[in-house]
Amino acid sequence: EPEVTQTPSHQVTQMGQEVILRCVPISNHLYFYWYRQILGQKVEFLVSFYNNEISEKSEIFDDQFSVERPDGSNFTLKIRSTKLEDSAMYFCASSERSSLASKNIQYFGAGTRLSVL
Amino acid sequence: RKEVEQDPGPFNVPEGATVAFNCTYSNSASQSFFWYRQDCRKEPKLLMSVYSSGNEDGRFTAQLNRASQYISLLIRDSKLSDSATYLCVVNEGGTYKYIFGTGTRLKVLA
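Residues numbered from 1 in each chain as written. Chains lettered and ligands numbered in written order. Predicted model: local features only at pLDDT ≥ 70, side-chain atom pairs only at ≥ 80, totals over all residues. Heavy atoms only, no water.

> How should the overall build of chain A be read in this particular structure?
The helix and strand tally for chain A stands at zero helices and eleven strands. From first element to last, N terminus to C terminus, chain A shows the α and β order β-β-β-β-β-β-β-β-β-β-β. Whereas a compact globule of 117 residues would reach a radius of gyration of roughly 13 Å, chain A reaches 13 Å, a difference of no more than 12%. A principal-axis box enclosing the C-alpha atoms of chain A has dimensions of 40 × 30 × 30 Å. The buried share among the 117 residues of chain A stands at 47%. Put simply, chain A shows about 5900 Å² of open surface, and 45% of that area lies on carbon and sulfur atoms. (Helix = DSSP H or I, 4+ residues; strand = E, 2+ residues; numbered from the N terminus. Rg over C-alpha atoms; globule rule 2.2 N^0.38 Å. Buried < 20%, exposed > 50% of the residue type's maximum accessible area, 1.4 Å probe, protein only. Areas by Shrake-Rupley, 256 points an atom, 1.4 Å probe, with all protein chains shown as cover.)

Pasting the structure below:
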């Protein structure tokens, strides 16, 4: 069964450092998403991406965050200068259809646990 | 009012029991609705989409009530393996944004 792959599974970084979280969406999917989940809290939407552009972003997704699809398979989330409060699980998701269509199911990767020290 | 609201639980039920969860949403323009399950420290996994007419998948039944802005999930004949957190997910109408509820924790006891 096709799946969304995320690397690394765990990233430890020092405050102020840049991190790049990587995702390989399901191959025929066109819509990509990043979410985060702080330990013990709910899953929070960060950004959606389609056709090499951000479609939607949340208030959390400020100037410290950026996303990119550098090639035909990878989808990355960069945090420029990490803060302690960025420590969370980051999930990538992809879907075949737009959220504006019916049956727009998202499939999630296993996540990257980011620990900022 | 929170965008998507769920009772956090936990719901502790014996094996074989029937259990129901509700979820309310605030945006009347919301178009798509889903139930995901999440095991501890794992990714959300789709349980089922929720259609206007209601839908069933084995022991699981989902209902949507647009007038009252809530969705429900019914689990019949609970199994130990059903123990997880059940996440209600709503797509804000006309946007690419998906809103998750805080989740309802279910523990099925032997």
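> Help me understand unusual backbone geometry in this model?
Note on backbone geometry: most residues besides glycine have negative phi, and most peptide bonds are trans. Residue A:Pro8 is bonded to the preceding A:Thr7 through a cis peptide linkage, with omega at -10°. In this structure, A:Pro8 sits in the loop between strand E1 (5-7) and strand E2 (10-13). With an omega of 10°, the peptide bond running from B:Gly9 to B:Pro10 counts as cis. Tracing the backbone through its elements, the reader meets B:Pro10 in the loop between strand E1 (4-6) and strand E2 (11-14). One non-glycine residue, B:Gln69, adopts positive backbone phi at about 60°. Assignment of secondary structure puts B:Gln69 in the loop between strand E7 (60-65) and strand E8 (70-75). Of the residues examined, B:Gln69 reaches a relative accessible area of 16% and is grouped as buried. Positive phi, close to 50°, is recorded for B:Asp77, a residue that is not glycine. With respect to the element layout, B:Asp77 can be found in the loop between E8 and strand E9 (84-91). We classify B:Asp77 as partly exposed; its relative accessible area is 37%.

> Could you clarify how one ought to interpret the packing of aromatic side chains in this entry?
Geometrically, a pair of aromatic rings is defined through the distance of the ring centres and the angle of the planes. Applying the stated criterion across every chain, the model contains 19 aromatic pairs over all chains. What links up through ring pairs into an aromatic cluster is the set A:Tyr33, A:Tyr35, A:Phe45, A:Phe91, A:Phe108, B:Phe34, B:Tyr36, B:Tyr98 and B:Phe100. (Phe/Tyr/Trp six-rings, centres within 6.5 Å; stacked < 30°, edge-to-face > 60°.)

> For this particular structure, what's the right way to read the side chain of B:Thr104?
Residue and element names in this part refer to chain B. Within the secondary structure, Thr104 sits in strand E11 (residues 104-109). Owing to a relative accessible area of 0%, Thr104 belongs among the buried residues under this scheme. A distance of 2.5 Å separates a polar atom in the side chain of Thr104 from the backbone oxygen of Asp7. Among all residues touching Thr104, those that are not within four sequence positions of it are Gln6, Asp7, Pro8, Phe11, Phe21, Ala84, Thr85 and Tyr86. (Polar contact = N/O pair within 3.5 Å; in protein donor to acceptor, adjacent residues only side chain to side chain. Contact = heavy atoms within 4.5 Å.)

> Explain the interface of chain A and chain B here, please?
At the junction of the two partners, chain A supplies 26 residues and chain B supplies 22 residues. If you look at where chain A meets chain B, you find one salt bridge. A:Glu59 serves as the salt-bridge partner of B:Lys97, at 3.6 Å between the closest nitrogen and oxygen. Inspection of the region where chain A meets chain B yields two residue pairs in polar contact (both at pLDDT 80 or more). Of all the elements in the fold, those that place two or more residues in the side of chain A that touches chain B are strand E4 (31-37), strand E5 (43-50), strand E6 (53-57), strand E9 (88-95) and strand E10 (106-108) of chain A. In terms of residue count, the dominant contributor to the side of chain A that touches chain B is E4(A) (four residues). Class assignment of the residues belonging to the side of chain A that touches chain B gives a composition of 13 nonpolar, eight polar and five charged. (Salt bridge = Lys/Arg side-chain N within 4 Å of Asp/Glu carboxyl O. Nonpolar A, V, L, I, M, F, W, Y, C, P; charged D, E, K, R; others polar.)

> What am I meant to see in the sheet that holds strand E3 (residues 19-25) of chain B here?
Sheet strands pair via backbone hydrogen bonds, and the direction of the pair is either parallel or antiparallel. Residue and element names in this part refer to chain B. Ordered by their spatial adjacency, five strands build an open sheet running E1-E3-E8-E7-E6, and the pairing between neighbours is antiparallel. This sheet does not close on itself; its edge strands, each paired only once, are E1 and strand E6 (55-57). Across the sheet, the mean angle separating the axes of adjacent strands is 20° when strand polarity is ignored. By the bridge criterion, three bridges tie E1 to E3 in an arrangement that is antiparallel. Paired with Glu5 across the strands is Thr24, a residue of E3. (Pairing = 2+ DSSP bridges. Axes fitted to C-alpha atoms, helices over the stretch in contact; angles between N-to-C directions.)

Scope: geometric values only; no functional claims are made or implied.
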